[in-house]
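Fold and geometry: a report
Each chain is listed here by its residues.
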Amino acid sequence: MAKLQVEKRNGLFDLKPLYEWMRNALDGIYRIEVKKVRKPRSLDQNGWLFGCIYPILLDALLEAGWEFVSVEQVHEFFKAQMTADKVVNKHTGEIIEFPCSTATMDTVTFSTYCEKLREYAKEFLNVDIPDPDKYWRSHEKNT
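Everything in this summary refers to the structure shown in the same document.

Calculation notes
- Residues numbered from 1 in each chain as written.
- Predicted model: local features only at pLDDT ≥ 70, side-chain atom pairs only at ≥ 80, totals over all residues.
- Heavy atoms only, no water.
- Helix = DSSP H or I, 4+ residues; strand = E, 2+ residues; numbered from the N terminus.
- Rg over C-alpha atoms; globule rule 2.2 N^0.38 Å.
- Buried < 20%, exposed > 50% of the residue type's maximum accessible area, 1.4 Å probe, protein only.
- Contact = heavy atoms within 4.5 Å.
- Areas by Shrake-Rupley, 256 points an atom, 1.4 Å probe, with all protein chains shown as cover.
- Lys, Arg positive; Asp, Glu negative; His and termini not counted.
- Charge placed at Lys NZ, Arg CZ, Asp CG, Glu CD.
- Polar contact = N/O pair within 3.5 Å; in protein donor to acceptor, adjacent residues only side chain to side chain.
- Axes fitted to C-alpha atoms, helices over the stretch in contact; angles between N-to-C directions.
- Parallel < 35°, antiparallel > 145°, perpendicular 65-115°, else oblique.
- Nonpolar A, V, L, I, M, F, W, Y, C, P; charged D, E, K, R; others polar.

A tally of helices and strands in the protein yields 5 helices and 4 strands. Mapped in sequence order, the helices and strands of the protein form the string β-β-α-α-α-β-β-α-α. The globule rule puts the C-alpha radius of gyration for 143 residues at 15 Å, and the 21 Å found for the protein is more than 25% above it. Its C-alpha atoms put the protein at 60 × 55 × 20 Å along the principal axes. For the protein, the residues scored as buried account for 21% of the 143 residues in total. Taking the contacts inside the protein whose residues are at least 6 apart along the sequence as the reference set, 48% of them involve residues at least 24 apart. Approximately 11,600 Å² of the protein is accessible, and the part contributed by carbon and sulfur atoms is 53%. Taking the average location of the 20 positive side-chain charges in the protein and that of its 22 negative ones, the two points are 10 Å from each other.

With that settled, consider the environment of Y54. Along the polypeptide, Y54 turns up in helix α2 (residues 43–63). Residues Y54 and E72, 18 residues apart in the sequence, show an inter-C-alpha distance of 8.4 Å. For Y54, the residues in contact, after removing those within four places along its chain, are L49, V71, V74, H75, F78, Y113 and L117. At 2.8 Å, the side chain of Y54 forms a polar contact with the side chain of H75.

Positive phi is not limited to glycine here, since N10 has a value of about 50 degrees. By the element assignment, N10 lies in the loop between β1 (7–9) and β2 (12–14). With relative accessibility at 81%, the residue N10 sits in the exposed group. Of note, N126 is a non-glycine position whose phi angle comes to about 55 degrees, a positive value. Relative to the elements of secondary structure, N126 occurs in the loop between α4 (107–125) and α5 (136–142).

Turning our eyes to something else, we now look at the packing of helix α3 (residues 71–82) against α4. Closest axis-to-axis distance for the α3/α4 pair is 11 Å, and the angle between their directions is 100 degrees. Between α3 and α4, the angle is such that the two are roughly perpendicular. Side by side, α3 and α4 meet where H75, F77, F78, K79 and M82 of the first sit next to Y113, K116, L117 and Y120 of the second. Taken together, the residues that form the contact of α3 with α4 break down as 6 nonpolar, 1 polar and 2 charged.

And the structure:
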């Protein structure tokens, strides 16, 4: 399987990588899937998740009777709950789940994941998680 990246600038696509690959491909039938490439989740997004969202969830889960001992456990718990891919065994019907990595999420997918966590906190734990603060670094320096 080949992965190619094609860029569009000023309304025009640079299709040279695609043409080059197709010219060298063996005879056969090929499927081409197009997906917009987005920026990976940012360090600030990740900082908000691990520095704000997960610690608030940890406290709320402890208050609700759960015995989590770390933010990392909360991270693994919610990845399994909210990001899992499912694979079915067609012979037995057995389903296994694989949590996705938040490190490989793009900015949009990561934002959606964080919003799901905020909704969970509100609905099931009666806790509000604040909006991200883009000025948090300057607030930290002032304290």
